[in-house]
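Take a look at the letters that make up each chain.
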Amino acid sequence: MSFAQIAGHEGTLQVLKKAVLTGRIPQAYLFVGPSNVGKTLTAVELAKALNCETLTAPETVDDIEPCDQCSSCVRIEKGIHPDFRIVQPLTRIGAIDDEETEADPVTGEPSKKKDEFVQMEGAEIRISQVRELIESASLMTNQARRRMYIITGAETMNIAAANAFLKTLEEPSAATTFVLTTASPNDLLPTIVSRCQVVNFHPVPAAVARDFLVSRYPEVSAEQIQSIVAMSSGRIGWAIKLLQQPDVLQIRSDLLDLCVRLAAADWVECLRGGELLVDAAERWWLATNEEEIAEKALKASRDRVLRTSMGDILDILATWFRDLLLLSSDAGADGLINMDRAEQLRDLAGRYDAKKCEAACEHLQRMHAQLGQNANLRLAAENLALRLIVT
Amino acid sequence: MSNIQVLPESVANRIAAGEVVERPASVVKELIENAIDAGASRIEIQLAAGGKELIRVIDDGSGMSAEDLRLAVQRFATSKISAAEDLDSIVTMGFRGEALPSIGAVAQLQISTRQQDSAEAHRITVRGGEVAGEETVAAPVGTDVEVTHLFYNTPAREKFLATTATERGHCIEWCQRLALGRPDIAFKVLHDNQTVLTTAGQGGLQAVIAAIHGSNDARLFLPMRLETEDITISGFISSPRLTRANRRAQLFFVNNRFVRSSSLSHAVTAAYGMLLPSGRQPLCVIHITIGPNAVDPNVHPTKIEVRFGNQGRIHGLCQQAVEAGLAEAGLRSLSTSRPGLSRTDATGAPPQPAAGRWDGPLPDMSRRAVRLRVNPFVDSIDARDDGLEVFADAPPDAADQQEADQSALQAEAAQAPQVLGQLSGRYIIAQAGTDLLLIDQHRAAERVLLHQMGDKTTPVARQLLAVPLNLELTPSEAAAVEDNAESLLELGFEFEEFGPSAYLLRSIPAALVGRDYETAVGDLIRDLAQWQAPSSLERARDELAALVACHGAIKAGTQLTHAEMQRLVEDLAATDAPAVCPHGDPIIIAITASQLDSKFKRS
Amino acid sequence: MFSVTCEQHTLYEKVQLVSRGVSGRSTQPIQNNIFLQAAADNLILVATDMEFIGVKTTMAVEAAEEGTITVPARILTDLAGRLPPGPVSLAADESNSLKITGKHSDFDIRGLPADDFQQLPELDDPTSFSMTQADLLDILDRTVFATSTDETRPILTGTLLKISGKKLETVATDTYRLALYESLLASEVQRDQEAIISRRPLVELQRILDPDAEEEAEIHISQNQVEFVVGGTVIGSRLIDGQFVNYPKVIPTGGDKKITVKCDELASALDRALVVARQDAYRVVLRAKGETLTVSAKSQDVGEAEETLEISLEGDEAEIAFNAEFMLDMLGAIDSEELLIELSGPLNSGLLRPADDENYLYVLMPMQIM
């Protein structure tokens, strides 16, 4: 990776490169922007650029590009650089019995069973993570010109963690930069925000995203890329994730098939549809997360996991009705998201008027809301399928 | 593919119906929202004659390309390609462009815009809905929209406009709301060249409140925050000293969008209860975040009345949050000051509110009930059904309830619990009447110690510091330290002035030795300075006492003789709140005979 | 591709030793592994969390094939300890799994390639000196206990080593007390140096130092690292960044009331008083008058305690309250017969030191007498 390989964000990157060039790196950055848009990726590249062994005497902004070859770059990329660390919000999975302790064979002291953590809905940055960070930051740097700590989802720090972190920000260390990333800066302590230099990340324009993906994934068809780009709403990281997971494309295809069937479905088919939605949510989770952890999390907190991924499923369904809406108005087919299904969409468009499409979108929204409200997932899914029938 | 596409007819029609442009304020709102959606970090709003003559919004956001600019002013174009309800675009794109054609239809419109990577800006002029000119100009990155002579071509509409002062008020009100919704953006609002509002975009919500209400009134705003798994409610509520005659100043933001909600307003007012003078309403700025994706599809972007899927729950949480905020400031007591003994269904609904000013379940209480419910000990005995009763606090000041509880307590006391034995050196098993009690011995000892200390005014042991802590204080914090020097010293904190705004902390309460006293003293000073509440000191004293109690109390894992246990149980019964330890965790779990019967299937 | 044979007993000992370098919470899984390198009849073992501690040790083995591998510290320690005594052979294959063969046992442990393992960093132009292990242990025993455990103020969790010329000052403080040990080095260092060292490597060092060993301990301090070399084992750590407290200011002068008391008598008196004092934030009151010192404690719940000791007092009578545990910490660190306590006022710091050792100072802040 390098700056050049980041899609979009030209202006933002320019600002950061300039800071590297002039050596005016603040003690803390706050990268603000939608999730999966490239904030963490950019932060990692920034860390590399600041420490690259071959990038020692840059003359212009264009020189600011990590070499990706030197041991510093390689170690940062691999996440094994001693002066580089990424802290992420995590959720503990599995029921951990506090009473059950076993002697640690290394220290001979009783130790709690190792917790396993995974990123999902409701994950947060814990006070223990922040404490470790503070301790680590108190040491001299090892080999870095500038040590970097990246804290993703910084708004998920609970108040204790945020206050502890604030103290570190208040006592700056010359050789250290924190990069906080967040999609919702208003949820951060104002006192933290005020100590950070805010850098905004905007959704990557569709054209940029498409060109980028086409050149990077020549094996994927242009139509599929087009669809995924449109689905991703500028969240390029999400688009890449989808492209790398063939299962994901299959799930989308299954869902769109379901949409086609629902157009002429009976009640029984709808109930099956509900099942298919829940099933798709599960497949989606497994496809978009690391295998081992995904399965563990699924086992430990199935309901929460499915709620997390059902949101994505609904978004896919929404693209279908949005396309139908587009076709049913006089807007033409240029903006279709599911371009690869244009024919099917056109066939169906006659049976949907704008009102029906809007109603369908509303049902999807309602389901979205219900996900956060502890509705029974399967019932909600079946209910949704029923409501999506054209009657 | 261009960023901006033509809208479907359905949405177009709605815009044509004039939903967007009713009065200058709606233009102001649309333009500012456009600027926000463009990722602006600074927004300047210039108004003249209440917006009737001029509305100009300048941002430093991403700007538009020449092509997008042309599309934007065409009728019915938007960067959102489909209907307003469209899900995923709410997440990211906003509704850029939707309002511009409508505005262009009823006013003279001029837009200059430049993208980051573009060397020059494009300017377009629209008159009566038609593009009247296009040119390339020099301008900074961002967008500058100038709307002049609103409704000049629709005299009927123009007639409905109110006086300049009223329209000005509406415009500024929207600026304030949007600024409160996005404290991270710097707003500057000028009316007839006079600055009426500036926010720094740095200091957070409180700074924006100060900018709008003035720093004196802003000091009367109390912070509040409540988080659940899926909802975060945070913001500021006014002290009961700062009230209004109506609810206009109760502002709610759902996922950063301003919304109106009579339900939320009601929840806020209810939380204040008797604290409010009659006929007065508190002020508040409350942000509600639903779902980690920051998507609330129920919020319609052009309408501001919000409906929640689960109205009751949001109402309840909002009320809880406000109550907790008030309690935090010492304005209403949720503490265990004089609670009696009541029984709460551990798995069912929270306890019924008593008569009086409490018109909802006590937040403190329901939280505790939740905590008790997830207590692993409870779960291990009985996972789901209503098999357990747990003691919890009764609502304070709920006279009726307390009386009833008092008699229950007396009834209990009449047959003092008999100790049956000790379980794994941690729990005392006792019998009260026909009930089985499980008592956490460490927490019980803590409660007893605290109770005994509370009776006397125990002087706090003070530890002097070899290396005094250097504190940089703000003027108000320094004043708080000076004003409360004596009380602070009584607590164990000794300060010495060390130059302008610098103080040395010379001693700390011995109970804090080995702990993070820097944070403790910092919190205390900030509290004192901000709220000037003597309750801060009282709370600090209680917390210290609880700490000392915790140190001194019998630890879990200590084997006790029967006599020791009996004495502990009797001492515990004599305390104010035998059921809950100073940290709020349960001390006693009770299982009734009938519950045992049903467990053993003996009905 | 890595193959050695060694004794179970030695292997277990060395693996245990080096696994101290694993913190178990490293963000990088490979750093929870022990690095093994077979080289010329030696097995080198390394473990480090890359921050607070790194341990490297060497043992003599029969090396059949040179090479490297890393395996999880926990599993290797567990296994090494459970193998029967006798020869053990370790061999790694291409798939990065380590075959451990004992008398009747055969294990395969999944390892990770050694390339990504972060070694102990090289020290850049260090200041170096050495002293007997007994001396170093003495220094650490008398100072490290006074460091703070409150991780929110990291500097105070560290111990300062300040070397200038031949003089080494070792200082630790948790703001309630301060321990200072001054020692002389055998020769002048090349360059004066200060280092704040975190507690973890020092505690491990205390564990491995052998006061009876002839071989000296080497200390190397660079701008950002410290390394202790003790009998073939290296313990390294990154230094804590920041400015240590201005400790000379803390050391009181002009304590005009001087109490000399028998260490063991005072210790056992404090020990007993603690039963009561524990309920009152460990507070004991010392009153010196004529030839007696009374040590008293009071608690509302438990009652009162009073002990009387014989002392010699120079100057006026004195009264002061201290945290009993803090006094006992210090008494436990010295082995002198008599303790000298210098006091000025009840709210001024007290100076405690062994009567026969000018080089060790312990400053203790009083508590308020009620």
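Residues numbered from 1 in each chain as written. Chains lettered and ligands numbered in written order. Predicted model: local features only at pLDDT ≥ 70, side-chain atom pairs only at ≥ 80, totals over all residues.

The next thing to look at is the overall build of chain A. Within chain A one finds 16 helices and nine strands. Expressed as a percentage of the 391 residues in chain A, the buried residues total 51%. Residue pairs at least 24 apart in sequence account for 76% of intrachain contacts in chain A once pairs closer than 6 positions are excluded. (Helix = DSSP H or I, 4+ residues; strand = E, 2+ residues; numbered from the N terminus. Buried ≥ 20, exposed ≤ 12 C-beta atoms within 10 Å, placed from the backbone. Contact = placed C-beta atoms within 7 Å.)

Residue and element names in this part refer to chain B. Pairing within the open sheet is mixed, and its eight strands lie in the order S7-S6-S5-S8-S3-S2-S9-S10. The two strands at the open ends of the sheet, each matched to only one other strand, are strand S7 (130-137) and strand S10 (194-198). On average, each strand axis in the sheet is inclined to that of its neighbour by 15°, with strand direction left out of account. Across four bridges, strand S9 (residues 186-191) lies against S10 in antiparallel orientation. Bridged to Leu 190 within S10 is Thr 195. Against the sheet, helix H2 (residues 24-37) engages strand S2 (42-48), strand S3 (54-59) and strand S8 (142-148), with an angle of about 10° to S3. Of the strands in this sheet, S2, S9 and S10 touch helix H7 (residues 164-181), which is tilted by about 175° from S9. (Pairing = 2+ DSSP bridges. Axes fitted to C-alpha atoms, helices over the stretch in contact; angles between N-to-C directions.)

A few words now on the nonpolar core. Within the largest apolar cluster, 140 residues are counted, with the highest numbers of intra-cluster contacts made by Ile 34, Leu 178, Ala 273, Val 284 and Phe 322 of chain C. Beyond its immediate stretch of four places on either side in the chain, Leu 178 of chain C contacts Ala 466 of chain B together with Ala 146, Val 171, Thr 173, Tyr 247, Val 250 and Val 363 of chain C. Ranked by size, the runner-up nonpolar core spans 108 residues in total, among them Phe 3, Val 199, Leu 327 and Leu 371 of chain A. (Core = buried A, V, L, I, M, F, W, Y, C linked by C-beta atoms within 7 Å.)

With that settled, consider the interface of chain B and chain C. Taken together, the 20 residues of chain B in the interface contact 27 residues of chain C. For the side of chain B that touches chain C, the leading source of residues is strand S23 (residues 462-472) of chain B, giving six residues. Looking at the side of chain B that touches chain C residue by residue, the class counts come to ten nonpolar, six polar and four charged. (Nonpolar A, V, L, I, M, F, W, Y, C, P; charged D, E, K, R; others polar.)

Moving on, we get to the pairing of strand S21 (residues 427-432) of chain B. Residues and elements named next belong to chain B. With five bridges connecting them, strand S20 (residues 418-423) and S21 associate as antiparallel partners. Its bridge partner lying in S21, Leu 423 is registered against Tyr 427. In textbook terms, the turn of a hairpin is the stretch between consecutive antiparallel strands, and for S20 and S21 this stretch comprises three residues, one of which, Ser 424, has a positive phi near 40°. With six bridges joining them, S21 and strand S22 (residues 435-440) adopt antiparallel strand pairing. Bridging from a neighbouring strand, Ile 428 pairs with Ile 439 of S22. The hairpin turn running from S21 into S22, its antiparallel successor, is two residues long, and Gly 433 in that turn takes a positive phi close to 60°.

Take the confidence of the model for chain A next. Low pLDDT marks regions whose predicted coordinates should not be analysed in detail. In the predicted model, chain A carries a mean pLDDT of 80, and the fraction of residues at 70 or more is 87%. Low pLDDT, under 50, characterises residues 94-116 of chain A; the stretch is placed with 28 contacts to residues that sit more than four places away or in other chains. (pLDDT = per-residue confidence, 0-100.)

Residues and elements named next belong to chain C. Taken together, the twelve strands give an open sheet; going across it, the order is S14-S11-S12-S13-S25-S24-S23-S18-S21-S20-S19-S22, and neighbouring strands pair in antiparallel fashion. Two strands bound the open sheet, and with one partner strand each, they are strand S14 (193-198) and strand S22 (318-323). When strand polarity is set aside, the average angle formed by the axes of neighbouring strands in this sheet is 25°. Strands in contact with helix H3 (residues 133-143) are strand S11 (158-164), strand S12 (167-173), strand S13 (177-184) and strand S25 (360-364); relative to S13, the strand with the most contacts, it is inclined by about 165°. Across the sheet, helix H4 (residues 199-208) lies against S11 and S14, angled at about 85° from S14, the strand it touches most.

For the rest of this paragraph, the subject is the pairing of strand S1 (residues 3-7) of chain C. Taken together, the three bridges between S1 of chain C and strand S5 (residues 62-65) of chain C define a ladder with antiparallel strand orientation. Paired with Val 4 of chain C across the strands is Ala 63 of chain C, a residue of S5 of chain C.

Our next topic: H7 of chain B. The end-to-end C-alpha separation of H7 of chain B is 26 Å, in line with the 26 Å expected for 18 residues at 1.5 Å each. Those residues of H7 of chain B that sit buried are Glu 167, Arg 168, Cys 171, Ile 172, Trp 174, Cys 175, Gln 176, Arg 177, Leu 178, Ala 179, Leu 180 and Gly 181 of chain B. (Expected span 1.5 Å × (residues − 1).)

Now for the environment of Leu 100 of chain B. Residues and elements named next belong to chain B. Tracing the sequence through the fold places Leu 100 in helix H5 (residues 99-106). By the C-beta count within 10 Å, which is 28 here, Leu 100 ends up buried. Ignoring sequence-local partners within four residues, the contact set of Leu 100 consists of Ala 72 and Val 73.

Residues and elements named next belong to chain A. For the pair helix H4 (residues 127-137) and helix H5 (residues 159-170), the least separation of the axes is 8 Å and the interaxial angle reads 10°. Put simply, H4 runs roughly parallel to H5. On H5, the residues that touch Ile 127, Val 130, Arg 131, Ile 134 and Ala 137 of H4 are Ala 160, Ala 161, Ala 164, Phe 165 and Thr 168. Its residues placed into classes, the contact of H4 with H5 shows eight nonpolar, one polar and one charged. (Parallel < 35°, antiparallel > 145°, perpendicular 65-115°, else oblique.)

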